[in-house]
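# Notes for the structure review
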Amino acid sequence: MKRITILALALVLLLTAFDATGYAASASETRAEEKTTAAAEGFDILGGTWTVGAVYYQNKVIDIHDAAGLADLYDSVYLSFQEDGTFTHFDLWIYQGEYTPIQTKKDCFLLTRRTKTVLKDGELREEAYSGNTKHILSVVDENTFVLAEYDPMTGAAKANQDPLIYVRQDESSEYVDGNKIAVSEGTEEKQPTEKPTGSLSSYESILNTYTQKMKDAVPGLVASYRSEAAGISDIGRLALICNNKVGELSSICNEGIGKMAEQMYSAGDSYSVYEKWAGKLMDNYMDIAMEIQNAYLDSAIS
């Protein structure tokens, strides 16, 4: 299956990595000078980088490496925790904030976003985070934690969601290995039960719905690209703007692929059924994305 690569995200991560390296060096020097500074509470547990290793679906653990479609969705999602009590969350955008222990819950932490780094006018800009989303992190073992959206009314994870399971980078998770369910990779296809037209319960309706969403979105993305690219001759800046718009389009496709994965698990279909339909949606995405890339080429050679 062809993978969707969000080039915008890759560039953002690459550029941020250089900044993070400089920051880390500076922070290291500062700590060397100020040896009395203590690490934030929880750093001994969370310190370092974590990647998505599995997802919960209907209270079942699904290892993302057992399903290529899920691996594609989460292969660029990271969480890193610094000694000063801050975290960096690499997702579609880059979020930074603080992690603090929840005193009433053992090995649980609250993640509060403070800033968001986005691409505007061809440049990376850090701005104050204006949303209300917080996350609750629950440590499962030394290499595993569960991350879910936080409900301030209950002081726990929000209901009716499928949390992500993070694993320490370059380590394995005994919890995931011991609790995951098998994902069928069989070649015999089971025909999905068709639902009423327009329902997201069937693969075909998901394909049609999200293909149309991308078609509806692309004229605005092309117009937005041309507006932001006006007067810019630097190829690198034009590429960043283009990749940002392609990234917005791919997020629609990724959402549709996620719906197809849900259909596969809920209906008990074989992986090959999901792969076939997800491949069709990816093909449509690549065709539609060409309109943005063509706008980029027009401005790059003009």
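Refer to the structure printed above.
The following refers to the structure shown. Residue positions are counted from 1 within each chain, in the order its sequence is given. Confidence filtering applies because this is a predicted model: local features only for residues at pLDDT of at least 70, side-chain atom pairs given and counted only at 80 or more, and all residues used for totals across whole chains, interfaces and linings. Side-chain numbers here rest on the full set of heavy atoms in the structure, without hydrogens or water.

## Section: the overall build of the protein
Stated precisely, the cut-off is as follows: Secondary structure is summarised from DSSP: a helix means a run of H or I of at least four residues, a strand means a run of E of at least two, and numbering begins at the N terminus for each. Here's how the labels work: a residue is buried when its accessible area is under 20% of the maximum for its type, exposed when over 50%, partly exposed in between, all with a 1.4 Å probe on protein chains only. For this analysis, residues touch if any pair of their heavy atoms sits within 4.5 Å. For accessible areas, the Shrake-Rupley method is used with a probe of radius 1.4 Å. Any residue's cover is judged against the shown protein chains and nothing else.
Across its full length, the protein holds seven helices and eleven strands. Considering the protein as a whole, with its 302 residues, one finds that 43% of them fall into the buried category. Within the protein, residue pairs in contact and separated by at least 24 positions form 62% of the contacts whose partners lie at least 6 positions apart. Within the structure as shown, the protein displays about 15,800 Å² of accessible surface, and the carbon and sulfur contribution to it stands at 49%.

## A few points about the pattern of salt bridges
Our working rule: By definition here, a salt bridge exists when the distance from a side-chain nitrogen of Lys or Arg to a carboxyl oxygen of Asp or Glu is within 4 Å.
Summed over all chains, the structure comprises seven salt bridges. Salt-bridge contacts for Glu98 lead to Arg114; the nearest nitrogen and oxygen are separated by 2.7 Å. One end of the pair, Glu98, is in strand E5 (residues 94-101); the other, Arg114, is in strand E6 (residues 108-120), with 16 residues separating them in the sequence. Note on Glu98: relative accessible area 31%, which makes it partly exposed. Between Lys158 and Glu149 there is a salt bridge whose closest N-O contact spans 3.0 Å. Relative accessible area serves as the criterion here: at 35%, Lys158 is assigned to the partly exposed category. Through salt bridges with shared partners, a single ionic network connects Asp63, Asp66 and Lys180.

## Describing unusual backbone geometry
Residue Asp107 is not a glycine yet carries a positive backbone phi of 55°. Position of Asp107 among the secondary structure elements: in the loop between E5 and E6. On the basis of relative accessibility, which here comes to 31%, the residue Asp107 falls in the partly exposed class. Of note in this structure, Asp170 is not a glycine but carries a positive phi near 65°. For Asp170, the position within the fold is in the loop between strand E11 (164-168) and helix H4 (174-179). With relative accessibility at 74%, the residue Asp170 sits in the exposed group.

## Notes on a negative patch on the surface
Threshold: In this analysis, a patch consists of residues with relative accessible area above 30% that form no salt bridge, clustered at 9 Å for like charges and at 5 Å for the nonpolar side chains Val, Leu, Ile, Met, Phe, Trp and Tyr. Neither His nor the chain ends contribute to the count of charged residues, in which Lys and Arg are positive and Asp and Glu negative. For the purpose of locating charges, the reference atoms are NZ of Lys, CZ of Arg, CG of Asp and CD of Glu.
Judged by side-chain charge, Glu142, Asp170, Glu171, Glu174 and Asp177 come together as a negatively charged surface patch. With respect to the element layout, Glu142 can be found in the loop between strand E8 (134-141) and strand E9 (144-151). By relative accessible area, Glu142 is classed as exposed at 63%.

## What about the packing of aromatic side chains?
Defined as follows: We call Phe, Tyr and Trp rings a pair once their centres come within 6.5 Å, taking the six-membered ring for Trp, and we label the pair stacked below 30 degrees between planes, edge-to-face above 60, and tilted otherwise. By definition here, charges over rings are those cases where NZ of Lys or CZ of Arg is within 6 Å of the ring centre and within 35 degrees of the ring normal.
In total, this model carries eight aromatic pairs according to the counting rule given. Measuring from centroid to centroid gives 5.2 Å for Phe145 and Tyr166, while their planes differ by 15°, and the two rings are stacked. Highlighted residues: Phe145 in strand E9 and Tyr166 in strand E11, separated in sequence by 21 residues. Each member of the pair, Phe145 together with Tyr166, is buried. Between the NZ or CZ atom of Arg113 and the centre of the ring of Tyr95, over which it lies, the distance is 3.8 Å. Its guanidinium or amino end placed over the ring of Trp277, Lys280 lies 4.2 Å from that ring's centre, counting from NZ or CZ.

## Here's the deal with the side chain of His89
Our working definition: Here a polar contact means two N or O atoms within 3.5 Å. Within protein one must be a hydrogen donor candidate and the other an acceptor candidate, and residues neighboring in sequence count only if both atoms are side-chain atoms.
Along the chain, the position of His89 falls in strand E4 (residues 86-90). The class for His89 is buried, based on a relative accessible area of 7%. At a separation of 3.4 Å, a polar atom in the side chain of His89 contacts the side chain of Tyr166.

## Quick word on helix H5 (residues 203-229)
Inclusion rule: Under the convention used throughout, the expected extent of a helix is 1.5 Å for every residue step, that is, one less than its residue count. At any given residue, the bend is defined as the angle formed between two axes, one fitted to the seven residues that end at that position and one fitted to the seven that begin there.
Here H5 is 27 residues long and its end C-alpha atoms lie 37 Å apart, about the 39 Å a rise of 1.5 Å per residue gives. By the largest-angle criterion, Val218 marks the main kink of H5, which is about 30°, and a proline, Pro219, follows within four residues. Where H5 ends, the next residue or the one after it, Gly231, has phi of about 80°, a positive value.

## Some thoughts on the packing of H5 against helix H6 (residues 235-267)
Selection criterion: Inter-axis angles, ranging from 0 to 180 degrees, are taken between N-to-C directions of lines fitted to C-alpha atoms, where helices are fitted over the stretch in contact. Angle categories are assigned with fixed cut-offs, so that under 35 degrees is roughly parallel, over 145 is roughly antiparallel, 65 to 115 is roughly perpendicular, and the rest are oblique. Note that Gly is not counted as nonpolar here; it falls among the polar residues with everything else outside the nonpolar set of Ala, Val, Leu, Ile, Met, Phe, Trp, Tyr, Cys and Pro and the charged set of Asp, Glu, Lys and Arg.
Look at H5 against H6: their axes get within 10 Å of each other, and the N-to-C directions meet at 170°. One way to sum up the angle between H5 and H6 is to call them roughly antiparallel. For the contact of H5 with H6, the class distribution of residues is 17 nonpolar, three polar and six charged.

Geometric descriptors of this kind do not, in isolation, establish any biological role.
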